[in-house]
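# Summary of structural features
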Amino acid sequence: MRAARGFLNWSQTELAEKAKISVQTVKRMESKGTDASTIANVDAVMRALEAAGCSFLPDDGNGRGVRSKEVV
């Protein structure tokens, strides 16, 4: 989440607004991981970040990642 926010140059407040969740929820998810939140909140964050152009990469043995989607 933090990497995707950084990529988009979004603050925690901006992500919370886009995902329609509280800033406290974003802070908790970033500090404790997505397991510390509900599936609905994780989904809302993922949808907001993907809609803004982020694509999430699965763990390839070196960790997960994020990159820009090509928008056509």
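The following paragraphs examine the structure supplied in this document.

Reading the values: the criteria
- In this numbering scheme, every chain counts its residues from 1 along its sequence in written order.
- Per-residue local features of the predicted model are confined to residues with pLDDT of at least 70, and side-chain atom pairs are confined, for both listing and counting, to 80 or more; whole-chain, interface and lining totals are unaffected and use all residues.
- With hydrogens and water excluded, all non-hydrogen atoms of the structure serve as input to the side-chain values.
- The set of buried Ala, Val, Leu, Ile, Met, Phe, Trp, Tyr and Cys residues whose side-chain atoms join them within 4.5 Å is what this entry labels a nonpolar core.
- The cut-offs for exposure are 20% and 50% of the maximum accessible area for each residue type, with area from a 1.4 Å probe on protein chains only; residues under the lower value are buried, those over the upper are exposed, and the others partly exposed.
- Numbering goes from the N terminus for both helices and strands, where a helix is a DSSP run of H or I of at least four residues and a strand is a run of E of at least two.
- Between two residues, a contact is recorded if the distance between any of their heavy atoms is within 4.5 Å.
- Angles here are taken between N-to-C directions and fall from 0 to 180 degrees, while the axes themselves are lines fitted to C-alpha atoms, restricted in helices to the stretch in contact.
- Should an angle fall under 35 degrees it is taken as roughly parallel, and over 145 as roughly antiparallel, whereas 65 to 115 is taken as roughly perpendicular and any remaining angle as oblique.
- Here a crossing is called left-handed whenever its near helix is offset anticlockwise from the far helix by less than a right angle, and right-handed whenever the offset is clockwise.
- Asp, Glu, Lys and Arg are counted as charged, while Ala, Val, Leu, Ile, Met, Phe, Trp, Tyr, Cys and Pro are counted as nonpolar; the rest, among them Gly, fall into the polar class.

## Brief notes about the nonpolar core
Residues L15, A19, I21, V45 and L49 are the most contacted members of the largest nonpolar core, which totals 14 residues. Among the elements that make up this core, the one with the highest residue count is helix α4 (residues 39-51) (four residues). With residues up to four places along the chain from it excluded, the contact list for I21 reads A16, V26, M29, N41, A44 and V45.

## A word on the packing of helix α2 (residues 12-19) against helix α3 (residues 23-32)
Contact geometry for α2 and α3: axes closest at 8 Å, N-to-C directions at 110°. By the angle class used here, α2 and α3 are roughly perpendicular. Crossing handedness for the pair α2 and α3: right-handed. Each of Q12, T13, L15 and A16 in α2 lies in contact with α3, whose residues at this interface are V23, V26, K27 and E30. Residues that form the contact of α2 with α3 fall into these classes: four nonpolar, two polar and two charged.

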